[in-house]
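Read off the chains here:
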Amino acid sequence: MRTIALFTFLTLASSGFAAEATLTESPAERSIRKAQEQIEKTPDHVPYHNSLAMAYARRARETSDVAFYKKAEDTLTRALELSPGNFESQKVQVWLMLGRHEFAHAAEAAKALNKQTPDDLTVYGYLADANAELGNYAAAIDAAQWMLNLRPGNIPGLTRAAYLRELHGDVSGAIDLMQRAYNATPFQEVEDRAWLLTQVAHLHLLSGNLEQSESYATGALDLFPGYHYALGTLAQVREAQHRFDDAVALEEQRYKASPHAENLYALAMALSLSGRTEAAQNAFANFEKAALAESSSTDNANHELVAYYNDVAGQPEKALLIATAELDRRHDIFTRDAMAWSLSQLGRYEEAEAGMRQALATGVSDARLLYHAGAIQQHLGNRTEAERLLRAAALHHSPEATAALSVMR
């Protein structure tokens with residue numbers, strides 16, 4: 001299962017996390033059991049069915065097992081049979097749409113619910129999520145601000161605002177909001193806290209602070225052992241540290257826990273960096289097959305597939321086809337980057353530059369985007385601008401940018 005990211009933050013040393021996570025049931029498992037017990041006693045009580053559906057959706061996030069989505073949908077169907085048009089059931093429906101990456105449908109459904117009940121905090125959160133993923137950043141910011149206006153300091157509002165700050169290049173501001181959100185997160189919500197710690201690790205990695213990123217990613221794993229999101233972030237740290245064999249081990253563990261195409265691509269990249277060429281080629285071949293099989297669905301690995309065709313397979317025509325199809329669905333900065341990079345690999349640098357201007361318009365400081373923008377400027381002969389962008393990417397541990405700068409000197 002792939003989900004959009006909602007975040008939070010904590011101040012501590014990672015060695016203090018381990019003693020906190022000794023419960024045998026995860027938060028979602030406890031919620032599932034409790035809701036099932038309630039339904040057994042009162043089978044026609046709709047709120048219990050809504051709670052069970054949300055618990056299944058949370059379990060899907062914990063385990064990355066999409067089978068829990070089907071259980072959530074079946075439970076929700078029963079809730080709507082009992083109470084057609086139930087507002088809370090419809091909210092759960094939107095949450096499931098977001099989990100399946102049906103962002104356009106989720107945005108429309110959330111708009112309708114918002115019109116029906118204009119002061120519902122959760123609905124504003126769904127509007128923020130869907131619009132951010134579609135690239136409608138002004139609408140996403142407006143929704144997140146409404147959340148904070150309605151209930152200052154609420155955790156969902158803080159995490160959405162943090163994500164939007166990240167997308168707009170304010171990483172330190174994002175970390176500040178994460179800190180506040182984490183401090184308000186209940187102690188017993190172990191998986192929530194591990195997820196939030198993972199996102200803090202991601203933010204520190206984004207800022208180039210490998211030590212802090214490692215600390216928080218390790219802390220998330222201490223709190224929630226084997227957590228697939230944290231494994232992926234720690235693997236990125238290991239790659240930046242040139243500890244490629246360690247990165248492979250982490251990506252193998254992650255893929256075993258969460259066998260999705262984008263995770264297989266990350267494993268293939270780690271294998272390639274470690275010099276295990278034959279294993280990497282096999283992993284890339286399996287990735288391509290899996291990614292193509294889901295390419296036309298909303299929940300896909302198209303960003304990774306574009307990267308594969310451009311940077312590994314040397315087939316930019318295929319990359320452009322995939323990027324164009326994805327851009328028809330959404331206009332977020334990462335899809336715009338995929339499109340621009342594909343155009344550049346075909347030598348269409350002026351078009352690529354225009355696309356990268358749109359991708360960087362929010363001020364995002366993502367190393368891959370900065371490298372792509374710098375490389376395009378280099379091809380256009382704009383040395384000063386190319387060097388500025390490549391230096392920024394290199395500060396964020398982009399090996400490609402570092403290599404490009406060495407050639408320019």
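See above for the structure.
Presented here is a report on the structure given in the accompanying data block. None of these values were measured; they are calculated from a predicted model.

**Quick word on the overall build of the protein**
Regarding its fold elements, the protein presents 22 helices and zero strands. What you see for the protein is a C-alpha radius of gyration of 21 Å, in line with the 22 Å of a compact globule of 409 residues. Taking the principal axes of its C-alpha atoms as reference, the protein extends roughly 70 × 45 × 40 Å. Burial statistics for the protein: of 409 residues in total, 53% are counted as buried. Of all intrachain contacts in the protein linking residues separated by at least 6 positions in sequence, the fraction that spans at least 24 positions is 59%. For the protein, the accessible area works out to roughly 17,700 Å², and carbon and sulfur atoms hold 52% of it. Measuring between centres, the 37 positive side-chain charges of the protein sit 2 Å from its 52 negative side-chain charges.

**Digging into the packing of aromatic side chains**
Under the counting rule described, the total for this entry stands at twelve aromatic pairs. Residues W195 and Y229 carry aromatic rings whose centres are separated by 6.3 Å and whose planes lie at 20° to one another, so their mutual orientation is stacked. Separated by 34 residues along the polypeptide, W195 in helix α10 (residues 190-206) and Y229 in helix α12 (residues 228-240) bring together distant segments of the chain. No difference in accessibility class separates W195 from Y229, as the two residues are buried. Site record: aromatic cluster; members linked through ring pairs are Y265, F284, F287, Y308 and Y309.

**Describing the side chain of N300**
Here N300 shows up in the loop between α15 (277-293) and α16 (302-312). Only 3.0 Å separates the side chain of N300 from the backbone nitrogen of N302, close enough to count as a polar contact.

**Here's the deal with the nonpolar core**
Ranked by internal contacts, the top residues of the largest apolar core, which has 56 residues, are L164, F287, L305, Y308, M356, Y371 and L390. No other element matches the seven residues that helix α14 (residues 261-273) contributes to this core. One finds I175, W195, L223 and V237 within the second-largest nonpolar core, a separate group that totals 36 residues.

**Some details on the packing of α15 against α16**
Close contact between α15 and α16 brings their axes to 10 Å; oriented N to C, the two are set at 140°. The angle between the axes of α15 and α16 places the two elements in the oblique class. The crossing of α15 and α16 is left-handed. Contacts between α15 and α16 involve F284, F287, E288, A291 and L292 from the first element and E304, L305, Y308, Y309 and V312 from the second.

**Side note on the environment of T159**
Along the chain, T159 turns up in helix α8 (residues 155-167). Overall, the relative accessible area of 4% leaves T159 in the buried class. It is 9.7 Å that separates the C-alpha atoms of T159 and Q179, two residues lying 20 residues apart in sequence.

**Here we look at the side chain of H49**
The topology assignment puts H49 in helix α2 (residues 46-63). Setting aside residues no more than four positions away along its own chain, H49 makes contact with I39, P43, T75, R78, A79 and L82.

**Quick look at the pattern of salt bridges**
Opposite charge on two side chains permits them to pair, given that their charged atoms come into close proximity. Under the defined criterion, the tally for this structure stands at 30 salt bridges. Residues D120 and K91 are paired through a salt bridge, measuring 3.0 Å at the closest nitrogen-oxygen approach. In this pair, D120 sits in the loop between α5 (103-116) and α6 (121-134) while K91 sits in helix α4 (residues 87-99), placing the two residues 29 residues apart along the sequence. Here the salt bridges share partners, and the residues they tie into one network are R58, R61, E189, E191 and D192.

**Quick look at helix α7 (residues 137-150)**
With 14 residues, α7 should reach 20 Å at 1.5 Å per residue; the first-to-last C-alpha distance of 20 Å fits that figure. Where α7 is buried, its residues contact α6, α8 and α18 (333-345).

**Considering helix α3 (residues 67-82)**
For α3, spanning 16 residues, the distance from its first C-alpha to its last is 23 Å, which sits close to the expected 22 Å at 1.5 Å a residue. Those residues of α3 lying buried are F68, Y69, A72, T75, L76 and A79. For α3, the angular spread of the buried residues around the axis is 125°, confining them to a single face. Where α3 is buried, its residues meet α2 and α4.

**Focus: unusual backbone geometry**
With phi around 65°, H101 is a residue other than glycine that occupies positive phi space. On the secondary structure map, H101 appears in the loop between α4 and α5. Here the phi dihedral of H397 falls at roughly 65°; this positive angle occurs in a residue that is not glycine. Inspection of the secondary structure assignment puts H397 in the loop between α21 (383-395) and α22 (399-408). For H397, a relative accessible area of 33% translates into the label partly exposed.

**Section: the packing of helix α13 (residues 244-257) against α14**
As a packed pair, α13 and α14 sit with axes 9 Å apart at the nearest point and diverge in direction by 160°. It follows that α13 is roughly antiparallel to α14 by the angle criterion. Relative to α14, the crossing made by α13 is left-handed. Contact residues: F244, A247, V248, E251, E252, R254 and Y255 in α13; N263, L264, A266, L267, A270, L271 and L273 in α14. Across the contact of α13 with α14, the residue classes tally to ten nonpolar, one polar and three charged.

How each quantity is defined
Starting afresh in each chain, residues are numbered from 1 along the sequence in its written order. Given that this is a predicted model, residues contribute local features only at a pLDDT of at least 70 and side-chain atom pairs are listed and counted only at 80 or more, while totals for whole chains, interfaces and linings are drawn from all residues. Side-chain numbers here rest on the full set of heavy atoms in the structure, without hydrogens or water. Under the scheme used here, helices are H or I runs from DSSP no shorter than 4 residues and strands are E runs no shorter than 2 residues, and both carry numbers assigned from the N terminus. We compute the radius of gyration from the C-alpha atoms alone; for a globule the expected value is 2.2 Å times N to the 0.38, where N is the number of residues. Think of it in three bands: with a 1.4 Å probe and only protein chains considered, a residue is buried below 20% of the maximum accessible area for its type, exposed above 50%, and partly exposed in between. The contact criterion used is simple: two residues touch if any of their non-hydrogen atoms lie within 4.5 Å. All accessible areas in this document rest on Shrake-Rupley with a 1.4 Å probe, and a residue is counted as covered only by the protein chains that are shown. We treat Lys and Arg as the positive residues and Asp and Glu as the negative residues; His and chain ends play no part in the count. Taken as the charge location is NZ of Lys, CZ of Arg, CG of Asp or CD of Glu. Ring pairs are drawn from Phe, Tyr and Trp, using the six-membered ring of Trp, whenever the two centres fall within 6.5 Å, and their geometry is named by plane angle: stacked under 30 degrees, edge-to-face over 60, tilted for the rest. We call two N or O atoms a polar contact when they sit within 3.5 Å, provided that within protein one can donate a hydrogen and the other can accept it, with sequence-adjacent residues counted only if both atoms are side-chain atoms. Put simply, buried Ala, Val, Leu, Ile, Met, Phe, Trp, Tyr and Cys residues joined by side-chain atoms within 4.5 Å make one nonpolar core. Axis lines are fitted to C-alpha atoms, over the contacting stretch for helices. Their N-to-C directions set the angle, which ranges from 0 to 180 degrees. Comment on the angle field: the value is read as roughly parallel under 35 degrees, roughly antiparallel over 145, roughly perpendicular from 65 to 115, and oblique elsewhere. For any pair of crossing helices, the crossing counts as left-handed if the nearer helix is rotated counterclockwise from the farther one by less than a right angle, and right-handed if it is rotated clockwise. Here a salt bridge means any side-chain nitrogen of Lys or Arg lying within 4 Å of a carboxyl oxygen belonging to Asp or Glu. Helix span, as expected, comes to 1.5 Å for every residue beyond the first. Throughout, the arc means that of the directions going from the helix axis to the C-beta atoms. For this classification, Asp, Glu, Lys and Arg are treated as charged, while Ala, Val, Leu, Ile, Met, Phe, Trp, Tyr, Cys and Pro are nonpolar and the rest, including Gly, are polar.

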